[in-house]
Amino acid sequence: MQSCDLSRPPSWHRLWGKARPIEGSTGAWHPLWKHALDVAAVGQALLDARPAFRDRLATALGQDAETARRWLPYLLALHDLGKAARGFQAKVPALWAEDLLGPFPEAAGADPGHPALGAGLLELFLPQACPGWDQDGYQAVFGAVFGHHGRPVAWDVEERAFRREDKRQARAYIETMRALFAPPDVPEPQARAKASLLLAGFAVLADWLGSNQAYFPYDPAEEAVAAYWSKARRHALLAVTEARLSPTPPAPPLRFTALTGGRFAPSAVQRWAEETPLPPGPSLTIIEDITGAGKTEAAVILAQRLLAAGRARGIYLGLPTQATANALHQRLRGLAGKLFEGPEPPSVSLIHGAAWLARPTSPHEGDSAAESAAWLGQSNRHRLFSDLGVGTLDQALLAVLPVKHQALRLHALADRILIVDEAHAYDAYTFAALERLTAFQALLGGSMIVLSATLTDLQKQRLARAWGTPLPSRPPPDYPLVTHLAETATEIPCAPRPDRVRSIAVRRLASVAAVCAEIRAVQARGAAVAWVRNTVDDVLAAQTALAAEGVAAQVFHARFAQADRHTVETDVVARFGPAAPAASRRGRVLVATQVIEQSLDVDFDLLISDLAPADLLIQRAGRLWRHLRPPEARPLPQPEMLILSPDPAQVASAHWGRDLLPGGFHVYDNPRVLWRTAAALFASGRLATPQDVRGLINRVYAPDDAPDDPPPLVDPAGRAQAQDWADRAFANGNLLDPLAGYSLGNKPWSKEADISTRLTQETSRVRLMRWQAGALQPWAAAADPAHAWALSELRVSRTRLAAAPPPPEVPAAALADLRARWGRYDADCLPLLLSPSPEAGLFTATVADARGRLGTASYTPTLGLILPRA
DNA sequence: AAGAAAAAAAAA
Ligand SMILES: [Fe+3]
Ligand SMILES: [Fe+3]
């Protein structure tokens, strides 16, 4: 048969595979068969560059490594089989090959897409393509490569969808590939789900790189199959290397002193990370210790040792917020060179939705194939393949949700040590997603390190169960604690870092007036004070109340335009940060929401907080006497946290606390958690860290009724717990099932816009702007308009702000034009037109709440957005 | 009515 003569072009040479030439391309189109070979060659080069991955994949397939190396390129070559069908070929009429396909079709039928066409065609040639396999086997393995457009295929295209010419060309396609690759007869896959998941991401990666015209230029010339295959392999080698997809060699196992420059002695946890014998296979390590004890350094040491031992080829650090990711990326960027040692410096990426704001270039910049040296920088999905990635956990969680190209993310992570920082910082829905990610990582053979200050026993058990190594029903009470899960579970109590051991006083304040009086008194003595409140409205009310008593307080919350929030944050850190001179903090008062709970390195002489769950109070207390200052520089005799709280001894009804803190009791909706927190802290009058942490957290979050719990709070607590269960159930409906492998299952793949890594109340994305000189100007200034608009943005509950009728002088066309310039993903932002008011620095705008009631909102750069009272 | 937090462009 002519198509099998490797010294000639195949009979189906004229079928096109690609027809979108880049600028400067010499060829106008690329033959389908050449594209198939390009992708197969990239796959083989990737396997050769990453023997550990090759072996993992081979084992899942039930093949030995050498067989897999010969068989997988054949499999990849078939990924675009559906492009041989007339339905696809008709998309470019000028390239229609009438001699191969018959007359050009008059009416285009419904287009199921070439991935689905490929699946349909394969089913017509099973005895040739995969002799002896049953349906589960071929759908798992071939389905993984047909799903290279990011979603699994449905296998719903039937034989009657094809004509004789379709089948003839598909047969020729398969015969050419069998002749070239001579695929060995292989058994059905050993571990179907695992094999399909590993393959799906691998196929996408090979297809993306094999479609890069910088390495695989369009080449419509007729050419011997064997000759082009050698060419493709050379190109593939270069492409894999330059895209930085071959592993960077790790440095020899790193010592703590080498990482930190020897300024500190390692803590017990850090010594463990440095010295513990490594298990032969994948492992999950959970490190529990207080914030600031150096857990991240311990994790990096352990991760690097795992790299050096060949357990993975990179590291991804997932954090709860973009801001913490930015900060950690800054910190680690300079250290990355110590983790790897290659001829080139390791690739390091910041990975989250707003990372483009932190980079010099504009968003979604033209990823012309010519700058393929920057292949990793093309999108966040590409960046996950960096040697060291620092970003939000959400970027990793998208690997276990039914969204496009999740398998690519999974593929990147399976080869990396996944470090999850601040694992306690997630709600029920997102924590369920983290559990699922843990299960996927365990299945695919990746390793994980989870860090937390305040994980409950239940959360820890859930992670362990997801990993597949259950913990004893009562984990040890020790803290700090390392829990190490490999084949078996080991728990290693560690001594705390001596300089982090302390005890602070805790005292209850019963009213807002009492708080104001206390602030006035200590301000007079020169103390720097922070009052952490639970809602923005409460912060603004406190600022007003303090002002009435002659105390000028600075406010900080999240209802600022990004640019102003950044200014306030910089100012707060300058005033209360480690470098702040005594004079700048003396007698200063800050009233803030939860924005100062995390990641800000600030220090106060006195900390006041509205009652909040114990873990958050511990977090807030971390801002009290945080920095080392001589005692005589402290205007107060001891570190003390004051808590504005109802009296836990007086619980008359389920309404407890709602008169004093209505907003706070809505935000933290389990009053039993709040009551237990108050009862425990006020009974002892002290908070000792780290020793009290474990007991307090487990007591406060115990799922069952405790003897002391006030009966009126039992029902509301039950409702709050039921909500958590509902959120988990909703998550489980969305989250992919590892045992289902790469398949559609019953998951909501088609509703990608509704799939999220977090479960939230509806919010409005508001962009502040002004009407000036006949144009809409962003509130914030920046050289690049995309930056300026992003910096002018804030988020606010949709219930409070759902619409904003523009002033009459602004033409509707200007707003429509603006939305068009914002583009697809930002067009839903709400333009909020600020008008200057008689008061200097104060701007106003008309707003409507979700029920359409109009009111006047005001904005200032120091107070933020003030909404009309509900 | 009420917090903070995240995400989102491909391989014709
Ligand atoms: Fe394709
Ligand atoms: Fe392709």
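Since this is a predicted model, take the numbers as computed values, not measurements.

### Here we look at helix α21 (residues 428–444)
Side chains that are three or four residues apart share a direction in an α-helix, a result of its 3.6 residues per turn.
Here is step 1 of the chain: Relative to the 24 Å expected for 17 residues at 1.5 Å per residue, α21 spans 25 Å between its end C-alpha atoms, a close match to the ideal helical length.
Here is step 2 of the chain: Summarising burial for α21: 15 of the 17 residues are buried, a large majority.
Here is step 3 of the chain: Positive phi shows up at G445, right after α21, with a value of about 90°.

### Considering the coordination of the iron ion (ligand 1)
Here is step 1 of the chain: Coordination of the iron ion (ligand 1) by the protein involves D80 (OD), H114 (NE2) and H148 (NE2), with metal-donor separations of 2.1 to 2.3 Å.
Here is step 2 of the chain: One can describe the donor arrangement at the iron ion (ligand 1) as irregular, given that its four donor atoms subtend angles of 81 to 142° at the metal.
Here is step 3 of the chain: Mapped onto the sequence, the residues coordinating the iron ion (ligand 1) show the spacing D-x33-H-x33-H.
Here is step 4 of the chain: A separation of 3.5 Å is found between the iron ion (ligand 1) and the iron ion (ligand 2), which share D80 as a coordinating residue. Placement of D80 in the loop between α3 (65–77) and α4 (86–89) and of H148 in the loop between α8 (135–146) and α9 (164–181) is noted, with a sequence separation of 68 residues between them. Of the two residues, D80 and H148, both sit in the buried class.

### What to know about the domain arrangement of chain A
Here is step 1 of the chain: Looking at the assigned domains, one finds that chain A contains domain 1 (16–242), domain 2 (268–355 + 379–498), domain 3 (501–719) and domain 4 (761–866).
Here is step 2 of the chain: Between the C-alpha centres of domain 1 and domain 4 there is a distance of 49 Å.

### A look at the coordination of the iron ion (ligand 2)
Here is step 1 of the chain: Coordination of the iron ion (ligand 2) by the protein comes from H35 (NE2), H79 (NE2), D80 (OD) and D207 (OD), over a distance range of 2.2 to 2.3 Å.
Here is step 2 of the chain: One can describe the site at the iron ion (ligand 2) as irregular: its four donor atoms subtend angles covering 81 to 165° at the metal.
Here is step 3 of the chain: Look at where the donors of the iron ion (ligand 2) fall in the sequence and you get H-x43-H-D-x126-D.
Here is step 4 of the chain: For D207, a relative accessible area of 8% puts it in the buried group.

### Points about the pattern of salt bridges
Here is step 1 of the chain: Within the structure shown, the criterion is met by 53 salt bridges.
Here is step 2 of the chain: Of the charged contacts, one joins D415 and R56 as a salt bridge, the two residues approaching to 3.9 Å between their closest N and O atoms. Taken together, the residues span a long stretch of sequence, with D415 in the loop between α20 (406–414) and β7 (416–420) and R56 in helix α2 (residues 51–61) at a distance of 359 residues.
Here is step 3 of the chain: Here R56 falls in the buried class, since its relative accessible area comes to 14%.
Here is step 4 of the chain: R765 serves as the salt-bridge partner of D826, at 2.8 Å between the closest nitrogen and oxygen. One end of the pair, D826, is in the loop between α33 (812–822) and β21 (830–833); the other, R765, is in strand β18 (residues 763–772), and 61 residues separate them in sequence.
Here is step 5 of the chain: Where salt bridges share partners, they join R585, D603, D605, R629 and R634 into one cluster.

### Focus: the sheet that holds strand β13 (residues 553–556)
Here is step 1 of the chain: If you trace the seven strands from one edge of the open sheet to the other, you get β13-β14-β12-β15-β16-β11-β17, paired in mixed fashion. Of all strands in the sheet, those bounded by a partner on one side alone are β13 and β17 (686–689). Taken over all neighbouring pairs, the strand axes of this sheet differ in orientation by 20° on average, direction set aside.
Here is step 2 of the chain: Relative to strand β15 (residues 606–610), strand β12 (residues 529–532) runs parallel, the two being bridged by four bridges. Bridging from a neighbouring strand, V532 pairs with S609 of β15.
Here is step 3 of the chain: Each of β13 and β14 (589–592) touches helix α25 (residues 562–576); the most contacted strand, β13, lies at about 130° to it.

What counts and how
- All residue numbers here refer to positions counted from 1 along the written sequence of the relevant chain.
- Ligands are numbered from 1 and chains lettered from A, in the order in which they are written.
- Thresholds applied to this predicted model are a pLDDT of at least 70 for local features of residues and 80 or more for the giving and counting of side-chain atom pairs; totals over whole chains, interfaces and linings are not thresholded and use all residues.
- Side-chain figures throughout are based on the complete set of non-hydrogen atoms in the structure, without hydrogens or water.
- A run of H or I in DSSP counts as a helix once it spans at least four residues, and a run of E counts as a strand once it spans at least two, with each numbered from the N terminus.
- The length a helix should cover is 1.5 Å for every residue beyond the first.
- Whether a residue is buried, partly exposed or exposed follows from its accessible area with a 1.4 Å probe, protein chains only, as a fraction of its type maximum: under 20%, in between, or over 50%, in that order.
- Note: metal donors comprise N, O and S atoms at 2.8 Å or less from the metal (3.2 Å for Na, K and Ca); water molecules are not included, so apparent gaps in a site are possible.
- For four-coordinate sites, all angles between 85 and 135 degrees define a tetrahedron; for four- and six-coordinate sites, opposite donors beyond 155 degrees with the remaining angles between 65 and 115 define square planar and octahedral shapes respectively, and all other cases count as irregular.
- As used throughout, domain bounds are those supplied by an automatic or database domain assignment.
- Think of a salt bridge as a Lys or Arg side-chain nitrogen and an Asp or Glu carboxyl oxygen that are within 4 Å of each other.
- Paired strands, as defined in this entry, are two strands with at least two bridges between them according to DSSP.
- Axis lines are fitted through C-alpha atoms, for helices just across the contact stretch, and the angle between N-to-C directions can take any value from 0 to 180 degrees.
- Whether two residues are in contact is decided by their heavy atoms: any pair within 4.5 Å suffices.

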